[in-house]
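# Descriptive structure summary
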Amino acid sequence: CLMGWEESIIKKVEAEEVNNIMTEDATNEDDNLELLKLVYAVTHLSEVYLLLPPPLGGGEYEDMTTMQGAVTADTVRYLRFHHMPDPYASEEVEQMLGSTQPDQFDSELYWNLVRTFVLWGMLEEAWAVLSRHSSCQQCFRSDVQILDEYHDAILQEDRDGFLALRDVLLSAPLPGGRNDENDSGLDSGKSDSEDGDDQAAAGETFLSGVPRSAYKLWETCGSTTSSTEGGISSDFPVEYNPNAAKAAHSAWTKYVSSLAPLADLTRRIPQLQSILVILRGNLQNVVFESWSEALCAELLYLRPALRPNDLHIRTARIMEKFGVSADSGFDGVILDVMKGNAGRVVEVLHDLGGGSGAALPATMTALLTNLFTEADLVSNPDVNPDSLNIQTELMLVASNAILSSLSESQQDVGVRLSTRLLLPYARPDGDVRVTATLAETLQRHAPQSDAETKQLLGLCRPLIE
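Attention in this report is confined to the structure presented alongside it.

About the cut-offs
Residues numbered from 1 in each chain as written. Predicted model: local features only at pLDDT ≥ 70, side-chain atom pairs only at ≥ 80, totals over all residues. Heavy atoms only, no water. Helix = DSSP H or I, 4+ residues; strand = E, 2+ residues; numbered from the N terminus. Contact = heavy atoms within 4.5 Å. Axes fitted to C-alpha atoms, helices over the stretch in contact; angles between N-to-C directions. Parallel < 35°, antiparallel > 145°, perpendicular 65-115°, else oblique. Left-handed = near helix turned anticlockwise from the far one by under 90°. Salt bridge = Lys/Arg side-chain N within 4 Å of Asp/Glu carboxyl O. Buried < 20%, exposed > 50% of the residue type's maximum accessible area, 1.4 Å probe, protein only. Nonpolar A, V, L, I, M, F, W, Y, C, P; charged D, E, K, R; others polar.

### Description of the environment of Val-324
With respect to the helices and strands, Val-324 occurs in the loop between helix H15 (308-321) and helix H16 (329-338). Sequence spacing of Val-324 and Ser-290 is 34 residues, and the spatial spacing of their C-alpha atoms is 9.8 Å. Setting aside residues no more than four positions away along its own chain, Val-324 makes contact with Trp-291, Met-319 and Asp-331.

### A few points about the packing of H15 against H16
Closest axis-to-axis distance for the H15/H16 pair is 8 Å, and the angle between their directions is 160°. It follows that H15 is roughly antiparallel to H16 by the angle criterion. H16 is crossed by H15, and the crossing has left-handed handedness. Where H15 approaches H16, its residues Pro-308, Leu-311, His-312, Thr-315, Ala-316 and Met-319 are matched on the opposing element by Asp-331, Leu-335 and Met-338.

### Some thoughts on the pattern of salt bridges
For the structure on display, the rule yields 16 salt bridges. Among the ionic pairs, Glu-34 bridges to Lys-37, the shortest N-O distance being 3.9 Å. Separated by three residues within a single helix, Glu-34 and Lys-37 lie in helix H2 (residues 24-49), roughly one turn from each other. The partly exposed category is assigned to Lys-37, whose relative accessible area is 25%. Put simply, Glu-347 and Arg-344 hold a salt bridge, and the shortest N to O gap is 3.6 Å. Residue Glu-347 and its partner Arg-344 are located together in helix H17 (residues 342-354), separated by three residues, close to a single helical turn. A single salt-bridge network, built from bridges that share partners, covers Asp-74, Arg-77 and Glu-219.

### Section: the packing of helix H14 (residues 291-302) against H15
Running from N to C, H14 and H15 cross one another at 135°; their axes reach a closest spacing of 9 Å. Between H14 and H15, the angle falls in the class oblique. Considering the relative orientation of H14 and H15, their crossing is right-handed. Packed against H14, whose contacting residues are Trp-291, Ala-294, Leu-295, Glu-298 and Leu-299, the element H15 presents Leu-311, Arg-314, Thr-315, Ile-318 and Met-319 at the interface. Residues belonging to the contact of H14 with H15 are distributed by class as follows: seven nonpolar, one polar and two charged.

Honestly, it's all geometry; don't read function into it.
This is the structure we're talking about:
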């Protein structure tokens with residue numbers, strides 16, 4: 001939805017620039033889109049750090065904030081989705097990848113793109129680009145003519161080196177996975193073909209002791225459960241086990257440092273050395289574009305087992321190196337969320353549009369506050385009756401915003417949405433203002449059809465029975 005909106009705005013702006021006209025509507029749409037992106041980012045980060053599930057295994061961990069690496073995968077996805085630019089956005093990259101030999105088209109741009117993918121943990125994309133290197137294409141060609149034994153040995157050496165590189169990149173047990181397909185934080189479900197790919201990966205091993213699906217060991221949301229579907233069994237634990245995840249990551253790092261074909265390949269292609277340095281976790285001399293890129297690389301290769309309650313400290317130090325102030329702006333909000341400050345999240349969402357009368361941000365603010373209340377992260381009126389019932393206040397604001405936004409065009413939809421929002425909290429022992437607002441909304445609405453009347457009665461029946 002956001003991508004489609006952004007594309008439509010870009011097309012509109014480009015058309016207006018051609019005609020030397022810049023309308024106020026296009027500017028306002030662009031501002032609204034940026035505000036919505038910020039709301040999305042805050043909501044995504046809040047889910048990662050504030051709405052943590054309880055540890056499934058119990059044991060030595062009282063909660064997920066003390067469990068090593070418990071949010072590393074989700075933090076990497078958050079950073080890639082909200083803080084990294086589109087690597088394919090420039091025309092130069094598009095032209096380079098459209099050429100038959102991209103490494104010869106623009107060598108510096110080619111290796112910068114590979115380096116970017118590696119720093120972000122998108123190793124499947126990195127291999128897709130590296131496999132188009134002229135040397136890789138040459139050594140795997142079926143019609144290549146062998147001149148003599150010397151050249152045959154060189155081609156075989158290159159072939160072994162690229163196969164070793166493929167095995168390392170496509171077996172990496174990195175937190176967050178080896179691509180950005182699930183970075184949005186939205187569970188869109190998987191197609192049958194994607195499920196088949198996952199099953200194939202679970203049964204395929206390039207490196208002994210490191211299955212291709214070992215990256216799932218970093219997941220804490222049940223995606224690493226044991227499975228025997230399709231005749232493929234998995235040794236992964238049902239519960240998140242930081243020791244298993246760290247062991248797989250350590251074994252993979254040793255392969256990166258010890259595989260002889262990789263060393264032979266770097267002598268022929270020196271640019272690969274800087275890539276292998278990053279994969280080994282030697283980041284001291286790496287030049288990063290931003291604090292988010294530095295943090296992402298560190299979590300992927302150097303410190304994947306950081307505890308959630310230590311991550312804000314490391315993030316603040318990296319921000320300081322880049323001259324970013326941690327006391328103000330959106331970067332300060334990020335640190336507050338990482339520290340577990342739910343009240344700051346509600347305040348920021350209110351400032352970003354939750355209190356503007358717009359239906360979408362107001363509803364998102366209200367629903368997230370409901371989750372925080374259920375998790376005892378903000379004041380719960382059932383526990384502390386003397387405190388301000390911020391949950392009810394924000395729900396009433398969201399209800400009014402929905403009714404106002406749809407009052408002229410789709411009043412029936414607005415009433416139905418507002419009713420669905422308030423109904424779960426219209427309890428006899430709840431805040432009477434919720435029930436009063438719901439009753440007033442329904443009293444003032446005149447359904448336009450019997451079907452609409454039946455639908456509203458069906459929604460309210462559980463409340464009065």
